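Here is how the chains run, residue by residue.
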Amino acid sequence: MTMVQESIVKDIALAPNGHLKIDWVKEHMPVLNRIRERFEQEKPFAGKKVAISLHLEAKTAYLAKVIQAGGAEVTITGSNPLSTQDDVCAALVEDGIRVFAKYNPSEEEYKELLIKTLETRPDFLIDDGGDLVTLLHGERRDLLENVKGGAEETTTGILRLRALEKEEKLEFPMVAVNDAYCKYLFDNRYGTGQSVFDGINRTTNLVVAGKTVVVAGYGWCGKGVAMRAKGLGAKVIVTEIDAIKAVEAYMDGFEVMSMDEAAKLGDYFVTVTGNRDIIRKAHFESMKDGAILSNAGHFDVEVNKVELNDISTSKRVVRKDIEEFVLQDGRKIYLLAEGRLVNLAAGDGHPAEIMDMTFALQAVGLEYVSKNYEAIGKKVLNVPYELDETVARYKLEALGKNIDKLTPEQKEYLESWVE
Ligand SMILES: NC(=O)c1ccc[n+]([C@@H]2O[C@H](COP(=O)([O-])OP(=O)(O)OC[C@H]3O[C@@H](n4cnc5c(N)ncnc54)[C@H](O)[C@@H]3O)[C@@H](O)[C@H]2O)c1
């Protein structure tokens with residue numbers, strides 16, 4: 001066991017519980033386990049440094065160990081102040097991974113931990129939401145030198161990368177892991193759908209059945225949240241800005257209306273748009289007494305906390321991860337997990353079986369960049385289809401499911417233009 005001394009974690013004595021958490025998820029990540037076995041043989045990252053910024057809980061920790069098994073020297077930090085689990089961080093330090101992370105650092109500390117991670121001069125990055133990449137392209141360009149490429153986990157990070165690419169300012173290739181089928185179809189939809197209600201339910205300990213849940217955004221995450229809300233017995237309202245997505249939500253059986261209208265009706269609100277100010281002053285002012293607000297989008301800007309604060313006469317924490325805001329007329333509005341990703345800040349994130357596929361894509365995506373970064377050039381690229389398909393095939397094999405193969409006649413039929 002190698003002890004990396006320069007790590008910053010809350011308390012190394014928490015490690016035993018962290019190891020238990022990592023061992024549990026490992027048992028439920030068969031796709032990643034297969035990749036780990038290959039990495040142990042082939043060592044694709046031998047002699048390379050990899051810096052990771054991800055929601056630092058057990059599944060992420062296991063990904064870090066898989067990258068390490070591939071020969072890399074790994075440094076890891078969080079990607080949100082409230083999603084880091086201190087016991088998991090301690091366990092990783094014992095496993096020889098450098099960790100710069102702790103639960104609930106101040107904004108300055110959070111940034112300092114990201115910078116320390118970059119100061120290890122990584123060859124490759126795994127980013128979630130673009131914090132590492134943004135620092136490298138902004139105030140810490142001095143740390144760019146060694147970076148050859150990386151992989152981005154989420155929709156919001158990819159938006160930032162594509163903006164850099166469009167302005168021809170992107171300095172190295174980044175794989176858009178989120179845009180792979182085996183990511184958004186399962187992680188964004190089923191992962192977010194389930195884990196958002198895990199976070200809300202364990203935090204509030206209230207019933208969802210019979211209540212009205214307003215879901216803002218009917219993208220891949222929003223579809224999952226709306227589906228699970230319906231499954232829990234809620235009446236579901238969807239708000240959108242995209243006419244096609246709005247029609248889709250309507251045909252899927254949900255009420256569709258503007259937030260101005262929905263604000264008056266919701267008992268629970270979940271924002272998941274990747275955009276800002278989805279719920280703002282005018283909406284708070286028309287809400288029912290006791291409305292519960294939460295966000296599952298990447299940044300804590302979807303519920304306008306500043307305006308909520310401004311129009312409140314008092315606020316207090318009434319339960320872990322629940323803040324109560326009292327408005328002038330005495331109505332109370334509750335905000336979960338400070339408006340940060342409710343499934344990660346007030347829960348354990350997506351189920352392990354879901355992150356198995358996502359993190360398998362991260363591992364093979366990073367391997368692909370490490371082998372091909374020169375040829376790829378400074379751009380955002382999709383996970384090659386063969387790698388995406390391999391992850392799905394491994395998943396089916398782990399599930400013990402068979403699928404059919406095209407017969408030669410079927411293949412010819414599909415490829416021909418004559419009847
Ligand atoms: N909580 C999690 O674990 C988790 C997991 C994956 C992604 N995310 C994050 O969730 C967010 C959404 O991801 P996605 O993959 O669903 O993106 P998406 O692009 O598929 O969907 C976003 C939807 O929001 C809609 N939208 C934008 N502005 C809106 C507004 N003002 N009002 C209503 N709708 C609006 C868009 O039209 C779009 O349909 C991103 O920030 C992403 O990074 C979170």
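This is a predicted model, so every value here is computed, not measured.

Reading the values: the criteria
Residues numbered from 1 in each chain as written. Predicted model: local features only at pLDDT ≥ 70, side-chain atom pairs only at ≥ 80, totals over all residues. Heavy atoms only, no water. Salt bridge = Lys/Arg side-chain N within 4 Å of Asp/Glu carboxyl O. Helix = DSSP H or I, 4+ residues; strand = E, 2+ residues; numbered from the N terminus. Buried < 20%, exposed > 50% of the residue type's maximum accessible area, 1.4 Å probe, protein only. Lys, Arg positive; Asp, Glu negative; His and termini not counted. Polar contact = N/O pair within 3.5 Å; in protein donor to acceptor, adjacent residues only side chain to side chain. Contact = heavy atoms within 4.5 Å. Patch = residues over 30% accessible without salt bridge, like charges linked within 9 Å, V, L, I, M, F, W, Y side chains within 5 Å. Areas by Shrake-Rupley, 256 points an atom, 1.4 Å probe, with all protein chains shown as cover. UniProt positions renumbered as here; feature names shortened; annotations may be inferred. Near = heavy atom within 4 Å. 1 Å grid on protein atoms, 1.4 Å probe; cavity = no way out; pocket = protein on both sides within 12 Å on 5 of 7 lines; lining within 4 Å. Points joined across faces, edges and corners; volume = space filled by probe spheres on them. Nonpolar A, V, L, I, M, F, W, Y, C, P; charged D, E, K, R; others polar.

## Thoughts on the pattern of salt bridges
Tallied over the entire structure, the rule returns 38 salt bridges. Its salt-bridge partner being lysine 320, residue aspartate 321 comes within 3.2 Å of it at the nearest N-O pair. When the shortest N-O distance is used, the salt bridge between lysine 411 and glutamate 415 registers 3.2 Å. Note that lysine 411 and glutamate 415 are positioned in helix α17 (residues 408–415) at a spacing of four residues, about one turn of the helix. Each of Arg38, Glu42, Glu367 and Lys371 takes part in a single network of salt bridges with overlapping partners.

## Quick word on the side chain of glutamate 153
Turning to its location among the elements, glutamate 153 is positioned in the loop between β5 (149–152) and α7 (155–166). Although glutamate 153 lies buried, it forms no salt bridge, and the closest oppositely charged side chain, lysine 183, sits 4.5 Å away as judged by the N-O distance. Only 2.8 Å separates the side chain of glutamate 153 from the side chain of glutamine 362, close enough to count as a polar contact.

## A closer look at the environment of phenylalanine 100
Relative to the helices and strands, phenylalanine 100 resides in strand β3 (residues 98–100). Assessed through its relative accessible area of 5%, phenylalanine 100 is described here as buried. Separated by 276 residues in the primary sequence, phenylalanine 100 and isoleucine 376 have C-alpha atoms spaced 30 Å apart. For phenylalanine 100, the residues in contact, after removing those within four places along its chain, are Glu6, Ser7, Ile8, Thr75, Ile76, Thr77, Gly78, Leu113, Lys116, Thr117 and Thr120.

## Overview of a nonpolar patch on the surface
Side chains of Val247, Tyr250, Met251 and Val256 sit close together on the surface and give an oily, nonpolar patch of about 430 Å² of accessible area. The dominant element in the nonpolar patch, judged by the number of residues it contributes, is helix α10 (residues 243–251), at three residues. Looking at the element boundaries, valine 256 is found in strand β9 (residues 255–256).

## Some thoughts on the UniProt feature "binding site: substrate" (unreviewed entry) in the protein
Those places that UniProt annotates as "binding site: substrate" (unreviewed entry) correspond, in this numbering, to Asp128, Glu153, Lys183 and Asp187. Spatially, the listed residues are clustered: although they cover 60 residues, their C-alpha atoms lie within 13.7 Å of one another. If sequence neighbours within four positions are ignored, glutamate 153 has contacts with Leu54, Asp127, Asp128, Val177, Asn178, Lys183, Asp187, Met355, Thr358, Phe359 and Gln362. With respect to the helices, strands and loops of the structure, aspartate 187 is situated in helix α8 (residues 181–204). Not counting residues up to four positions away in its chain, the partners in contact with aspartate 187 are Glu153, Thr192, His350, Ile354, Met355 and Thr358.

## Side note on the side chain of glutamate 57
Examined against the element boundaries, glutamate 57 turns out to sit in the loop between β1 (49–53) and α3 (58–69). A distance of 2.9 Å separates polar atoms of two side chains, one belonging to glutamate 57 and the other to lysine 59. A polar contact is formed between the side chain of glutamate 57 and the side chain of threonine 60, at a distance of 2.9 Å. Aside from chain neighbours lying at most four places away, what touches glutamate 57 is Ser83, Gln85, Val88, Leu344 and Asp348.

## Here's the deal with the site of the ligand
Near the ligand there are 28 residues, and of these Thr154, Thr156, Asn188, Glu240 and Asn343 occur at the shortest range. Contacts to the ligand include threonine 156, whose side-chain N or O atom sits 2.6 Å from an oxygen atom. Between the ligand and the protein, one listed contact pairs an oxygen atom with a side-chain N or O atom of asparagine 188 at 2.8 Å. Protein burial of the ligand: of its 860 Å² of free accessible surface, 86% is covered by the chains.

## Structural notes on empty space enclosed by the protein
Using the criterion set out here, one finds one cavity of 30 Å³ or more in the structure. Approximately 40 Å³ is the volume attributed to the largest cavity. Of the residues assigned to the lining of the largest cavity, the class counts are six nonpolar, four polar and one charged.

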